[in-house]
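Summary of the model geometry
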Amino acid sequence: MLKPFIFYLRATVVASCVIPYAVWLYNAMRKVYGFHTPCEWSDLWVKLAVIVAITGAAITTVLRLTKWCGRSIDELSRKQSDYLKQLNTKRLTLAIFGSAAISLIAELAMIRWQSSIFELFALYKNFGLLACFLGLGLGYAISSRKQIPVMLVIPLLTWQILLLSLTKYGPHNWNIQLLRAMPVTEQLNMGLHVATKGYEYAAMYGFLSVVFILTALTFVPIGQLCGVLLDQKPRLQAYGLNLLGSLAGVAVFFGFSLLWTPPLVWFSIIFICLILFQAFDRRTLLTGSCAAALAVTVLAWPSSTFWEQIYSPYQLLERGYGYGAGANVRAAGHYFQEISVFANVDRERIARLDAQRELPYRIYGPAERVAIVGAGSGNDAAAAIRCDVQHVDAIEIDPAILEIGKYYHPEKPYSNPRVSPIVNDARSFLRNTDEKYDIVVYGLLDSHALLSTASNVRVDSFVYTVEGLRESRARLKEGGMISLAFCVMSPEIGRKLYLMLQEAFDGQAPLCIQRQNNSAVVFLIREGMPIEINDNLFAMGSLNDVTAKFADPTIKVDLSTDDWPFFYMPKRVYPVSYVIVVGIILALSLVFVRPFFKADSNATPKRFQINHAVFFLLGAGFMLVETKSITELGLTFGNTWHVIGIVIAGILTMAFIANLVVYRLRIRGLAIPFTLLLGSLAAGLLVAKSGGFSSTFAGRIATLAVLTSPMFFSGICFSTMLRYTTDMSSAMAANLIGAMAGGLLEYNSMYFGFQWLYWLALGVYGTAMVFSWFGCRPAALEQHTQAIQDAAANRGITSSLKHAA
């Protein structure tokens, strides 16, 4: 097992060292062809020398250590396996719980950290998740082998942290635009360069491939750790402990988000837990501690002295000095928003900006109550206060951005008694509030590269749907007005907003106002009456009426709905860019997995291959249902981070309860659970097609019941199937690889919509039901019980096994 692992370790380190060379070459070519670059030739040669020194040292160290220490690694990997198999009952229980918790924490930490370093991983959030699934699934599959190299996990994590950090921040005047070009052409991106040249695509896909393999390789020993421990306990007990550990992992990361902790805290906890599993030998402790110390040093090292880094529950925010005495805020490394300040440096520029923000109040006249969604750091709230609005509800989803506004906005709008700062999702607030407003203001609400936790939908996508705008209209008083400001990146996006507002207001067309030399457009529409603007307002703010531009019927777009909420896709086209990524993932997975099984001559009985197919399909179906449920529950209860965290914890709790029900009631038949599962999915599809339940308390409870029941019955099926396998780690491996397949299938929702996931899930679970009729063999129960008895005897355990599955 170690031979392919060491091979990929060497190959990945060597391949990853190509990345900084590619960036250097990009900087050099920009210099040769006269493009603007802050680097001089002397700087470039110094940078090349530094790169050669660092990468040369890294490659030499890895190659020599793996050659010289090959026998030691083999010996320690065997000792690790023996150590885990000799744990007593109490330690085994704690180890199963802890290994599941650490695998989930490491998975969440890796996904979030990667997306905070490079925007590419924020737009391909499933990419990191699928790499983790591949590594864990492979680890479970080969957990029965005699070598478990847990000692290499921390060094691999350290190498990825070092590689991405040095590539991103690098030396002074380091231009990494080559690795920030987005290969996604179907969706528009705010402030991100879209790849157009062959070398840009090659660099991005090569970069993704290296990080994918490196991430998967890191999680293989973690999967082995979990698998070898699970096989030593009765299956349902072991699975229950695994679920409890996963719940604990979610709770720990929930705490990380609640306290706005940086990656230094996340990975420090991971390192400590991994080191505890290596307490059998001083050499493993020393290796892990040294690698962890290097990783902690890199994470603690300030990347810039000019930007304050804040890890909000959603994203990495960076606060720096802005125009005049204001402040700039960056998200995922690029411009997000600024605090406008009347400064002597350019008083006229700020005055024009504020004239645009004050436009809705000057048109409407005296306003009693206003809601600002996407309130940000307070510019729109300050404009409302200057225009004598009596009360302002300022809704912002990110609490860190609100805090930045409280501390650094010179007008202190969030400290004004007339302003109520509210931390909430804009769509959820508008759906559930009982207040009526004179004006609802959308304050340049844009998530940039921030995606939802479990799907390819951006956090703000459900705000910009026809249903969302209708709910906003429902919150208006008679004669009330909506003012929607948005940075229009293309005529198609402007046309899309124009048509969605027109649809939401029963055919009434909005007025579109744009400031000169600015991409921000304000869409104004008033309940039951046209909007007229005085010419003085146009002159004062350098504003232009661009309504005709977006009323052009020759611009073809598809409207965003709650079923197809992909606002940044102008037209509903099949996501070919994502298909390419899916192809890369499949190819990398096949190449990665093959060597690990090539040397394994152990044949698997045919009936257990059928069982593995069932577990695979259950994993794929569960991933599809989970994605759909998280998306719809987020729409019902709000897409805030804590709601999504509670939903994920609830899903794990449902699986635990299902496992407990199977254990206590000794359920053996699969016909009824599968029938109930398919029936609950059909009920969910019918509810979705009818428009869903109302937003009342009873409607929310009904939505919760409909969306969670398939996960409960799926858990019943999975736990019941565990009774019919003698190799739990292989079952978990098949389930994780199936979840990976489900994650790939989820990309189809970008064309077909989210209701289509119901049809996919029905097909997947129906196929699993058919396979289960051929895969259940009572003999598996006797074989597994005997295996547990033998393992217990080897550890000297004499307690009764009457609760064994």
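Parameters and conventions
Residues numbered from 1 in each chain as written. Predicted model: local features only at pLDDT ≥ 70, side-chain atom pairs only at ≥ 80, totals over all residues. Heavy atoms only, no water. Helix = DSSP H or I, 4+ residues; strand = E, 2+ residues; numbered from the N terminus. Buried < 20%, exposed > 50% of the residue type's maximum accessible area, 1.4 Å probe, protein only. Contact = heavy atoms within 4.5 Å. Salt bridge = Lys/Arg side-chain N within 4 Å of Asp/Glu carboxyl O. Axes fitted to C-alpha atoms, helices over the stretch in contact; angles between N-to-C directions. Parallel < 35°, antiparallel > 145°, perpendicular 65-115°, else oblique. Left-handed = near helix turned anticlockwise from the far one by under 90°. Nonpolar A, V, L, I, M, F, W, Y, C, P; charged D, E, K, R; others polar. Pairing = 2+ DSSP bridges. Patch = residues over 30% accessible without salt bridge, like charges linked within 9 Å, V, L, I, M, F, W, Y side chains within 5 Å. Areas by Shrake-Rupley, 256 points an atom, 1.4 Å probe, with all protein chains shown as cover. pLDDT = per-residue confidence, 0-100.

Structural notes on the overall build of the chain
Assigned secondary structure in the chain consists of 29 helices and twelve strands. Scored against the burial criterion, the 805 residues of the chain give a buried share of 60%. Expressed as a percentage of contacts within the chain between residues at least 6 apart in sequence, the contacts between residues at least 24 apart total 79%.

Here's the deal with the pattern of salt bridges
Where charged atoms from two side chains of opposite charge approach closely, those side chains can pair. In the structure shown here, the tally under the stated rule is 22 salt bridges. A salt bridge links arginine 319 to glutamate 308, with the nearest nitrogen and oxygen atoms 2.9 Å apart. Of this pair, arginine 319 sits in strand 2 (residues 316-321) while glutamate 308 is found in strand 1 (residues 308-311), placing the two residues eleven residues apart along the sequence. Overall, the relative accessible area of 15% leaves arginine 319 in the buried class. Among the salt bridges present, the one from glutamate 358 reaches arginine 362, with a minimum N-O distance of 2.6 Å. Of this pair, glutamate 358 and arginine 362 both sit in helix 13 (residues 347-364), separated by four residues, roughly a single helical turn.

Re the packing of helix 5 (residues 89-117) against helix 10 (residues 235-258)
Contact pair helix 5 / helix 10: the axes reach a minimum separation of 7 Å and the direction vectors enclose 40 degrees. When the axis of helix 5 is compared with that of helix 10, the two are oblique. The hand of the helix 5/helix 10 crossing is right-handed. Across the contact of helix 5 with helix 10, the residue classes tally to 16 nonpolar, six polar and one charged.

Brief notes about the sheet that holds strand 3 (residues 327-331)
A sheet is described by the order of its strands in space; here four strands give the open sequence 1-2-3-4, paired in antiparallel fashion. What marks the edges here is a single partner per strand, and that holds for strand 1 and strand 4 (334-338). With strand direction ignored, the average angle separating the axes of adjacent strands in the sheet is 30 degrees. Here four bridges tie strand 3 to strand 4, and the two strands are oriented antiparallel to one another. Bridge pairing in strand 4 links valine 329 to glutamine 337. Running over the sheet, helix 15 (residues 399-408) touches strand 1, strand 2, strand 3 and strand 4 and is turned about 20 degrees from strand 2.

Considerations on a nonpolar patch on the surface
The grouping of Tyr574, Val576, Val579, Ile580, Tyr751 and Phe752 at the surface amounts to a nonpolar patch, some 490 Å² of accessible area in total. Elements supplying a minimum of two residues to the nonpolar patch: helix 21 (576-598) and helix 27 (749-752). Here the nonpolar patch takes three residues from helix 21, the largest share from any one element. Structurally, the position occupied by valine 576 is in helix 21.

Digging into the environment of valine 625
Among the secondary structure elements, valine 625 is positioned in helix 22 (residues 606-637). For valine 625, a relative accessible area of 7% translates into the label buried. Along the primary structure valine 625 and leucine 762 are separated by 137 residues, whereas in three dimensions their C-alpha atoms are 9.6 Å apart. Contact partners of valine 625, with chain neighbours within four places excluded, come to Leu681, Pro710, Met711, Ala761 and Tyr765.

Things to note about the confidence of the model for the chain
Chain-level pLDDT for the chain is 84 on average; 86% of the residues reach the 70-or-more range. Every residue in residues 342-347 is under pLDDT 50, and counting partners more than four places away or in other chains gives nine contacts. Residue range residues 778-782 is modelled with pLDDT below 50. Its contacts to residues more than four positions away, or to other chains, number twelve contacts.

Quick word on the environment of threonine 196
Residue position: threonine 196 is located in the loop between helix 8 (153-169) and helix 9 (198-230). Residues threonine 196 and proline 183, 13 residues apart in the sequence, show an inter-C-alpha distance of 8.0 Å.

Regarding the side chain of threonine 158
Summarising the element assignment, threonine 158 is placed in helix 8. Those residues in contact with threonine 158, other than ones at most four positions away along the chain, are Ala291, Ala292, Leu294 and Ala295.

Some details on the packing of helix 5 against helix 9
Any two packed helices are characterised by how steeply their axes cross, that is the angle between the axes, and by the distance between the axes. For the pair helix 5 and helix 9, the least separation of the axes is 8 Å and the interaxial angle reads 165 degrees. In terms of orientation, helix 5 lies roughly antiparallel with respect to helix 9. Where helix 5 crosses over helix 9, the two elements pack in a sense that is left-handed. Packed against helix 5, whose contacting residues are Leu92, Ala95, Ile96, Ser99, Ala100, Ser103, Ala106, Glu107, Met110 and Gln114, the element helix 9 presents Val211, Thr215, Phe219, Ile222, Leu225, Cys226, Leu229 and Leu230 at the interface. A per-class count over the contact of helix 5 with helix 9 returns 13 nonpolar, four polar and one charged.

Brief notes about the pairing of strand 2
With five of six residues buried, strand 2 lies mostly within the body of the structure. Where strand 1 and strand 2 come together, four bridges link them in antiparallel fashion. By the bridge assignment for strand 2, isoleucine 310 is matched with leucine 317. In this structure, strand 2 lies alongside strand 3, joined through five bridges in antiparallel fashion. Within strand 3, the residue paired with glutamate 318 across the bridge is arginine 330.

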